[in-house]
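In case you want the letters, here they are:
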Amino acid sequence: MLFSCSPSLASSPTSPSTICNSTPHPSFCKSNLPPHELSTIHDYGWYFLHQSLSSAKDFLSLVKSYPIFHSSYSKPTVHALKDCQLLADLNVDFLSKSFQTISSTKSLNSMQTKDLHTLLSSILTNQETCSDGLQELTSELDSSLKNGLLGPLSNGTKLHSISLALFKHGWVPKINPESFPWPTEKKHIMFPNMEKIMKGLLPLKLSISGRRLLQTTFGNVLASQTVFVNPDGSGDFTTINDAVAAAPEKTDISDGYFVIYIAAGVYNEYVSVNSNKHYLMMIGEGIGRTVITGDHNYVDGSSTFDSATFAVVGQEFVAKEITFRNTAGPGKYQAVAVRNGADLSTFYKCSFEGYQDTLYTHSLRQFYKECDIYGTIDFIFGNAAVVFQDCNIYLRLPLHGQYNVITAQGKTDPNQNTGTSIHLCSIRAAEELNGTETYLGRPWKEYSTTVYIQSFMDNLINPLGWHTWNDTDFALDTLYYGEYDNTGPGSDTSNRVTWPGYHVMNEDEANQFTVCNFIQGDEWLPATQGRYTCGLV
């Protein structure tokens with residue numbers, strides 16, 4: 001099974017050799033064992049988690065010792081350093097939370113276990129992203145920086161992988177597919193008063209500072225404060241970034257959402273919602289009406305990670321009725337419209353427009369409902385645990401000689417709880433593709449995990465369904481690609497690839513990748529008052 005574990009290790013005394021052999025890096029584990037033998041896998045898990053935290057703090061200090069704006073650094077080096085600093089800082093935060101949680105309680109409840117499994121999985125994703133950026137540096141002037149960071153980064157990654165493996169084997173219960181809930185559709189009505197509020201028909205009280213506050217819940221969504229963005233000066237702010245900056249930091253759901261209404265218009269801004277901005281909700285006036293746009297790209301010197309027009313890492317983020325664009329075009333290669341590393345984040349009725357690498361579902365748990373996603377190559381990519389539901393996936397015309405690939409999922413470790421689930425979606429051409437071959441996905445990383453469930457596939461899908469990574473046999477044994485109960489002329493699986501990692505799934509296997517089972521949607525989506533389907537239909 002995809003999520004099997006060894007619960008017997010948790011409750012009985014276990015030898016150090018057995019402990020280390022249960023991880024992806026047994027030799028490294030054995031060379032970093034404590035001086036005195038411990039008893040159970042919980043003891044070893046606690047020890048290695050402490051080692052991981054120490055390693056993450058050391059690496060953060062090391063990265064910060066390199067001045068970002070050193071005069072001799074190339075533009076790609078500056079971007080790589082900025083990315084690594086941000087990611088290393090997140091890792092220290094995630095590991096601190098994990099270590100504190102495990103140290104403060106003798107047992108974890110189900111949601112705590114899933115939360116920590118998610119955080120520990122994302123730490124490896126952050127490590128890999130930093131490593132990818134450093135590996136791409138080619139200038140000899142950058143070699144000392146590159147070599148100085150990659151060694152400690154690699155050792156840290158091994159420690160984090162060991163911590164994740166021990167946590168999974170020691171704390172995460174084995175999944176029984178038969179225990180999954182029956183499919184349920186949740187039909188929350190989201191923001192029924194939104195149009196009236198945008199038109200000024202509902203009364204709004206002004207705070208002392210002049211900002212408008214909705215004092216109670218509206219549309220069943222609790223809002224602590226509501227602000228308006230309009231470039232014409234009639235709102236509280238003229239830019240989205242100014243509105244984000246005004247949001248309070250590290251709030252709790254009991255405080256309500258900080259709601260930003262964004263008037264129709266084209267916003268040429270690079271918006272970033274950092275990790276301190278929790279429970280932020282953005283509401284536009286509709287796809288194609290409220291548009292956030294930019295054109296940063298790989299060819300012009302941005303890292304893929306830093307090319308995003310809109311980037312969010314603040315947990316429990318919600319966006320509705322907004323278009324996000326990167327207009328760099330296919331000739332600029334990697335050019336991200338949205339990069340999402342926000343846990344428990346949701347996008348409702350939004351549009352993501354780009355070509356290569358449009359939507360970077362970087363890490364943690366994410367949900368997209370009734371969205372439009374446009375692109376050419378790897379345009380849904382990353383290593384989140386993410387479900388797309390009732391979305392339209394539109395293929396655009398790539399450069400001459402290129403083929404289209406929808407997904408490039410980036411799972412690097414067998415114990416990560418990540419993957420891309422495309423459920424009840426529609427896959428069609430956005431324009432005449434002139435015979436361009438189109439594939440469902442290709443393996444960006446070794447344990448790439450992507451499934452298509454109960455979706456419509458038009459005749460643009462190549463009969464093989466899936467493509468290799470750069471015409472190699474990389475990851476064909478270790479990936480997990482699955483299809484279940486899809487429809488349309490492109491859904492025929494009779495001529496699909498015959499790789500060991502490809503599966504025509506049964507109902508139990510498909511059910512592992514639904515909203516309620518894969519991303520624990522019933523635990524957090526109701527607060528957004530958005531509509532979602534819990535299981536299979």
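Residues numbered from 1 in each chain as written. Predicted model: local features only at pLDDT ≥ 70, side-chain atom pairs only at ≥ 80, totals over all residues. Heavy atoms only, no water.

In the annotation of an unreviewed UniProt entry, the protein is listed under the name Pectinesterase and assigned to Quercus lobata. The annotation that UniProt attaches to the protein under Subcellular location (unreviewed entry) is "Secreted, Cell wall". The record in UniProt for the protein states the following under Catalytic activity (unreviewed entry): "[(1->4)-alpha-D-galacturonosyl methyl ester](n) + n H2O = [(1->4)-alpha-D-galacturonosyl](n) + n methanol + n H(+)". (UniProt positions renumbered as here; feature names shortened; annotations may be inferred.)

Chemist: Can you lay out the pattern of salt bridges for me, pointing to particular residues and giving the numbers?
Modeler: With the rule as written, the count across this model stands at 14 salt bridges. Residues Asp93 and Lys97 are paired through a salt bridge, measuring 3.4 Å at the closest nitrogen-oxygen approach. Taken together, the residues Asp93 and Lys97, both in helix H5 (residues 75–103) and four residues apart, mark about one turn of the helix. Lys97 sits in the partly exposed class, given a relative accessible area of 34%. (Salt bridge = Lys/Arg side-chain N within 4 Å of Asp/Glu carboxyl O. Helix = DSSP H or I, 4+ residues; strand = E, 2+ residues; numbered from the N terminus. Buried < 20%, exposed > 50% of the residue type's maximum accessible area, 1.4 Å probe, protein only.)

Chemist: Before we move on, can you summarise unusual backbone geometry with the specific residues and values?
Modeler: Even without a glycine there, the phi angle at Tyr279 is positive, about 55°. In this structure, Tyr279 sits in the loop between strand E7 (271–273) and strand E8 (280–283). Residue Tyr279 is classed as buried on the basis of its relative accessible area, which comes to 7%. Of note, Gln529 is a non-glycine position whose phi angle comes to about 60°, a positive value. With respect to the helices and strands, Gln529 occurs in the loop between helix H12 (521–524) and strand E30 (532–533).

Chemist: Just give me the short version of the pairing of strand E21 (residues 392–395), but keep the residues and values in it.
Modeler: Sheet topology note: the strand E18 (residues 372–375)/E21 ladder contains four bridges and is parallel. Paired with Asp372 across the two strands is Asn392, which belongs to E21. In terms of strand pairing, E21 meets strand E24 (residues 426–429) through four bridges, oriented parallel. Across the sheet, the residue bridging to Leu395 is Ala429, located in E24. (Pairing = 2+ DSSP bridges.)

Chemist: Quick rundown of the side chain of Thr407? Include the residues and the values.
Modeler: Along the polypeptide, Thr407 turns up in strand E22 (residues 404–409). Those residues in contact with Thr407 that lie beyond four places of it in its chain are Asp378, Ile380, Ile422, Leu440, Gly441, Arg442, Thr450 and Tyr452. (Contact = heavy atoms within 4.5 Å.)

Chemist: Give a detailed account of the UniProt feature "active site" (unreviewed entry) in the protein, specifying residues and quantitative values.
Modeler: Following the UniProt record, the feature "active site" (unreviewed entry) maps to Asp378 here. Turning to its location among the elements, Asp378 is positioned in strand E19 (residues 377–382). Overall, the relative accessible area of 4% leaves Asp378 in the buried class.

Chemist: I'd like a description of the packing of aromatic side chains, backed by residues and values.
Modeler: Tallied over the full model, the rule gives 26 aromatic pairs. Ring centres 6.2 Å apart and planes at 75° place the aromatic pair Tyr348 and Phe367 in the edge-to-face group. One end of the pair, Tyr348, is in strand E14 (residues 345–348); the other, Phe367, is in strand E17 (residues 365–369), and 19 residues separate them in sequence. Of the two residues, Tyr348 and Phe367, neither departs from the other in class, the shared state being buried. Ring pairs connect the aromatic residues Phe310, Phe317, Phe324, Phe347, Phe352, Tyr368 and Phe388, which therefore count as one cluster. (Phe/Tyr/Trp six-rings, centres within 6.5 Å; stacked < 30°, edge-to-face > 60°.)

Chemist: Got a sec to walk through the sheet that holds strand E15 (residues 351–353)? Specific residues and values, please.
Modeler: Within the open sheet, the eight strands sit side by side as E6-E9-E12-E15-E18-E21-E24-E27. Their pairing is parallel. Looking along the sheet, the strands with just one partner apiece sit at the ends: strand E6 (265–267) and strand E27 (456–457). Pairing of strand E12 (residues 323–326) with E15, which is carried by three bridges, proceeds in the parallel orientation. Bridging across to E15, Arg325 finds its partner in Glu353.

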